[in-house]
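Single-letter residue listing:
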Protein chains: 2
Amino acid sequence: MKNIVILGATGSIGDSTLDIISRFPGQFRILGLTAKSRDAKLEKLIERHAPKVVALADLKAAAALKKRIGNKRVKVLAGEAGLVEVAGLAEADLVISAIVGAAGLLPTLSAIQAGKTVALANKEPLVMAGEIIQREAKLKGVSILPIDSEHSAVFQALHGERHEDIKRMILTASGGPLLRHSDIEKRKVTRKEALAHPNWKMGPKISIDSATLMNKGLEIIEARWLFDLPPDKIDVVIHPQSIIHSMVEFVDRSVIAQLGLPDMRTPISYVLHYPKRAPLDLPSLDLATVGTLTFEKPDLKAFPLLNTAYETLKSGGTLPAVLNAANEEAVAAFLNAQIGFTEIEAVIHQTLEAHSPQSADTLEAVIEADEWARMEGKRWIRHYARC
Amino acid sequence: MKNIVILGATGSIGDSTLDIISRFPGQFRILGLTAKSRDAKLEKLIERHAPKVVALADLKAAAALKKRIGNKRVKVLAGEAGLVEVAGLAEADLVISAIVGAAGLLPTLSAIQAGKTVALANKEPLVMAGEIIQREAKLKGVSILPIDSEHSAVFQALHGERHEDIKRMILTASGGPLLRHSDIEKRKVTRKEALAHPNWKMGPKISIDSATLMNKGLEIIEARWLFDLPPDKIDVVIHPQSIIHSMVEFVDRSVIAQLGLPDMRTPISYVLHYPKRAPLDLPSLDLATVGTLTFEKPDLKAFPLLNTAYETLKSGGTLPAVLNAANEEAVAAFLNAQIGFTEIEAVIHQTLEAHSPQSADTLEAVIEADEWARMEGKRWIRHYARC
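Presented here is a report on the structure given in the accompanying data block. Keep in mind that this is a model prediction, so the values were computed, not measured.

### Some points on helix α5 (residues 105-113) of chain B
So, point 1. Most of α5 of chain B sits inside the fold, with 7 of its 9 residues counted as buried.
So, point 2. All of the buried residues along α5 of chain B are Leu 105, Pro 107, Thr 108, Leu 109, Ser 110, Ala 111 and Ile 112 of chain B.

Here's what the structure looks like:
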């Protein structure tokens, strides 16, 4: 019986993880769950899965939950400290890190420092603090197993292979809902259009990141740290059907790819059962029915944020943390109808330009850069909101 | 330094193997080479690679070679017994089995019985005598490493995976040069058209097998024995671009595929360096340049031999050996302009129909079935030649 903690249990990855766990009765025990503010949904999860401890980042939501259910059936913790405590629970065997955005940094680090195997769906901690996270993981002998479909694909392709035999990895990108939009059309994109991902049903933040291709940019940075490869060994190819989830080319020119229907339950099941696989009663990929897979080079002019992410990764230091924070602020502002779609990239570029990069080898430096970038980003958001 | 024996050194796989070996000076030593009858080419290979022993299946060719070069630089053996002796050389570390057709059966078995690791490009021995070969390999603790691009792809996809986690394997088939031909057009197909494989440059026998899809049928049977999977777990999908070389679907619906440009040197290098990989200075697969990969169900009406192969595998016994022998005779007769293209399948079907299947658990039974099928096949060839 594996004891599981899910950080970010009320989101889309949380749903899928609990779906998979419910398919293997007796194999997993839900030890801890956390959420940001959705106390009603968390209460339902408590009823169904009977965790020992839960935490809500939002203090009011935590207080409301505590008031309704008391501390009898479950210990209710509050705030970031509560999340950090749940992430480091002594009995946990596997921590699913599925918080959205930078908010996942400290809980994820807490799990690593407690020596837990971490299954990572939350890419932002690695984007912000990849150097620190990998240093800590190495120190504690902790395995980080990727959940993101692209990184899971690479991880599976590398299974049993030698790191020195890798020539490059090739991350596939659907291109998102705006792949064929002209620059002018993009200026008028509505939230609904930008949220309408062609292949994957995901939360709003990652959906917008997919529309700007920033998601792929963040994934490049994530991949750099997960697989210890330099930026020039990480390529991106546009593959609108999202059937090949990603690939690794080896030095002998052999390419290993992982394919499947777009369903996060497969990579989630993989990390839950790793290094084994377990039978899932899901539809099989039938390539004859799919018929055609297409591939094209990413258009870096139409999607400049992809290149921006490459460049911040190459420059390193606090730049990726700034990129991430400015992006989170800009996406929130777009979802909030404060700025237009193309102003997301403008906010990010202005913020990056104003930044004086520092070394990112301490948590303090990373958090300082993150906070600075949010202030600076908000300044530019107000600027564009006025335009 | 690995001591290498190449059975069938003067063919296309032999060429590619020697090309790869020449790229890694000091790592491999050519211990033995065999050929059917091309003594002039073998002589050149002797000059360049200085093997200790060679053998020519054709007695006259062996005598001619011996007369020209004597026994000084190299020991020259003759006939099937000579091939069998080279295959079992005590010093050999790896035997590349690349003879075309049933002629490879005894030499391949000899290598296995001598306890050598066998890299198998010659699929017919497994088609004829899969049960015996796998029984002997198990007894001697011998690994059989596939060279065929499809089986190499499956082998690579399975690397590090558990056999019990396999749901099915999916062999890809280009469909060959006649994929879009109508039945009527097929009757008039010339040797040149049937030999013109769209993606791979191969010898004449396998090229014709690709045009009839019999090659894929033989590969299904080969895969059944190589990977110990029942026929209903082996699927075929038509993929005209030959970029995905084959796939494995696992029980969690994850599909692992091996991709690459069509170049046999990659799978050959893989078996030479297995379980490591070695850098090859060959072009990389660029999917954005390839652009489109397509997939379709095989048309079993247009290519009935694919289904015939499935059925003989399911029925088992000596039927696959008969299928193989009748096919070899029919293909030779077509290449010899004795029968037309569509009569290849007619010869095979008539021969199979006339056969009384036996158990294929002894070499005698297999060889008897093979010999019977060649007689019966020739009878039908004469019949159609008269039509």
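### Topic: the sheet that holds strand β9 (residues 234-238) of chain B
In a beta sheet, neighbouring strands pair by backbone hydrogen bonds and run either parallel or antiparallel.
So, point 1. What the 8 strands build is an open sheet, ordered β9(A)-β8(A)-β10(A)-β11(A)-β11(B)-β10(B)-β8(B)-β9(B); its pairing is mixed. Of all the strands in the sheet, just β9 (234-238) of chain A together with β9 of chain B have a single pairing partner and so form its edges. In this sheet, adjacent strand axes meet at a mean angle of 20° when their direction is disregarded.
So, point 2. The pairing of strand β8 (residues 166-173) of chain A with β9 of chain A spans 5 bridges and is classified as parallel. Counterpart to Leu 171 of chain A in the pairing with β9 of chain A is Val 236 of chain A.

### Considerations on the side chain of Asn 122 of chain B
Residue and element names in this part refer to chain B.
So, point 1. Relative to the elements of secondary structure, Asn 122 occurs in the loop between β6 (117-120) and α6 (124-140).
So, point 2. A residue is classified by how much of its surface remains accessible, and Asn 122, at 0% relative accessible area, is buried.
So, point 3. There is a polar contact of 2.9 Å between the side chain of Asn 122 and the backbone oxygen of Ile 99.
So, point 4. Setting aside its immediate chain neighbours within four residues, Asn 122 contacts Ser 97, Ala 98, Ile 99, Val 100, Gly 101, Gly 104, Leu 105 and Thr 108.

### Side note on the relation of the copies chain B and chain A
So, point 1. Between the two copies, chain B and chain A, the superposition gives an RMSD of 0.0 Å; the rotation angle is 180° and the shift along the axis is 0.0 Å. Look at the turn and shift together and you get a two-fold axis relating the two.
So, point 2. Looking at the interface residues of chain B, 100% of them are also at the interface in chain A, so both copies use one shared face.

### Focus: the environment of Leu 261 of chain A
All names here are of chain A.
So, point 1. Mapping Leu 261 onto the fold places it in the loop between β11 (255-259) and α12 (265-273).
So, point 2. Taking the C-alpha atoms as reference points, Leu 261 and Val 290, separated by 29 residues in sequence, lie 9.7 Å from one another.
So, point 3. Excluding residues that lie within four positions of it along the chain, Leu 261 makes contacts with Ile 243, His 245, Pro 283, Ser 284 and Leu 285.

### Remarks on the pattern of salt bridges
So, point 1. Here the structure, examined in full by the defined rule, presents 60 salt bridges over all chains.
So, point 2. For the salt bridge of Glu 249 of chain A with Arg 168 of chain A, the shortest nitrogen-to-oxygen distance reads 2.6 Å. One end of the pair, Glu 249 of chain A, is in strand β10 (residues 244-250); the other, Arg 168 of chain A, is in strand β8, with 81 residues separating them in the sequence. No difference in accessibility class separates Glu 249 of chain A from Arg 168 of chain A, as the two residues are buried.
So, point 3. Salt-bridge contacts for Arg 374 of chain B lead to Glu 329 of chain B; the nearest nitrogen and oxygen are separated by 3.0 Å.

### Structural notes on the interface of chain B and chain A
So, point 1. If you look at the interface, chain B gives 46 residues, while chain A gives 46 residues.
So, point 2. Of the roughly 3,800 Å² buried where chain B meets chain A, counting both sides, 50% is carbon and sulfur surface.
So, point 3. For chain B, the biggest contributors to the area lost against chain A are Asp 252, Arg 253 and Arg 277 of chain B; these three give 20% of the whole.
So, point 4. For the interface between chain B and chain A, the tally reads 6 salt bridges.
So, point 5. The partner of Asp 252 of chain A in a salt bridge is Arg 277 of chain B, and the shortest N-O contact between them spans 3.0 Å.
So, point 6. Linking chain B with chain A are 32 residue pairs in polar contact (both at pLDDT 80 or more), by the criterion used here.
So, point 7. Elements that contribute at least two residues to the side of chain B that touches chain A include exactly β8 (166-173), β10 (244-250), β11 (255-259), α12 (265-273), α13 (287-290) and β12 (292-294) of chain B.

### Brief notes about the packing of aromatic side chains
In this description, a pair of aromatic rings is defined by centroid distance and the angle of the planes.
Residues and elements named next belong to chain B.
So, point 1. With the rule as written, the count across this model stands at 10 aromatic pairs over all chains.
So, point 2. Ring plane angle 80° and centroid distance 6.3 Å describe the contact between Phe 155 and Tyr 270, whose orientation is recorded as edge-to-face. Of this pair, Phe 155 sits in helix α7 (residues 149-158) while Tyr 270 sits in helix α12, placing them 115 residues apart in sequence.
So, point 3. The interplanar angle of 45° and the centroid separation of 5.2 Å between the aromatic rings of Phe 155 and Tyr 274 together place this pair among those described as tilted.

### Some thoughts on helix α4 (residues 79-87) of chain A
So, point 1. Taken together, the buried positions of α4 of chain A are occupied by Gly 79, Gly 82, Leu 83, Val 86 and Ala 87 of chain A. The buried side chains of α4 of chain A occupy one side of the element, clustering within an arc of 135° when seen end-on.

### Some points on empty space enclosed by the protein
So, point 1. Scanning all chains against the criterion turns up 4 cavities of 30 Å³ or more.
So, point 2. If you add up the space inside the largest cavity, you get close to 80 Å³.
So, point 3. In terms of lining, the largest cavity is formed by Lys 186, Ala 211, Thr 212, Ala 302, Phe 303, Pro 304, Leu 305, Phe 341, Thr 342, Ile 344 and Glu 345 of chain B.
So, point 4. At the level of elements, α10 (204-212), α14 (304-315) and α16 (341-354) of chain B are the ones that each hand at least two residues to the lining of the largest cavity.
So, point 5. If you tally residues by element for the lining of the largest cavity, the top one is α16 of chain B, at 4 residues.
So, point 6. Its volume calculated, the second largest cavity comes out at about 70 Å³.
So, point 7. Surrounding the second largest cavity, Lys 186, Ala 211, Thr 212, Ala 302, Phe 303, Pro 304, Leu 305, Phe 341, Thr 342, Ile 344 and Glu 345 of chain A form its lining.
So, point 8. Among the secondary structure elements, those contributing two or more residues to the lining of the second largest cavity are α10 (204-212), α14 (304-315) and α16 (342-354) of chain A.
So, point 9. Counting residues per element, the lining of the second largest cavity draws most heavily on α16 of chain A, at 3 residues.

What counts and how
- Residues numbered from 1 in each chain as written.
- Chains lettered and ligands numbered in written order.
- Predicted model: local features only at pLDDT ≥ 70, side-chain atom pairs only at ≥ 80, totals over all residues.
- Heavy atoms only, no water.
- Buried < 20%, exposed > 50% of the residue type's maximum accessible area, 1.4 Å probe, protein only.
- Helix = DSSP H or I, 4+ residues; strand = E, 2+ residues; numbered from the N terminus.
- Pairing = 2+ DSSP bridges.
- Axes fitted to C-alpha atoms, helices over the stretch in contact; angles between N-to-C directions.
- Polar contact = N/O pair within 3.5 Å; in protein donor to acceptor, adjacent residues only side chain to side chain.
- Contact = heavy atoms within 4.5 Å.
- Least-squares fit on C-alpha atoms with pLDDT ≥ 70 in both.
- Salt bridge = Lys/Arg side-chain N within 4 Å of Asp/Glu carboxyl O.
- Buried area = accessible area lost by both parts, 1.4 Å probe.
- Phe/Tyr/Trp six-rings, centres within 6.5 Å; stacked < 30°, edge-to-face > 60°.
- Arc of directions from axis to C-beta.
- 1 Å grid on protein atoms, 1.4 Å probe; cavity = no way out; pocket = protein on both sides within 12 Å on 5 of 7 lines; lining within 4 Å.
- Points joined across faces, edges and corners; volume = space filled by probe spheres on them.

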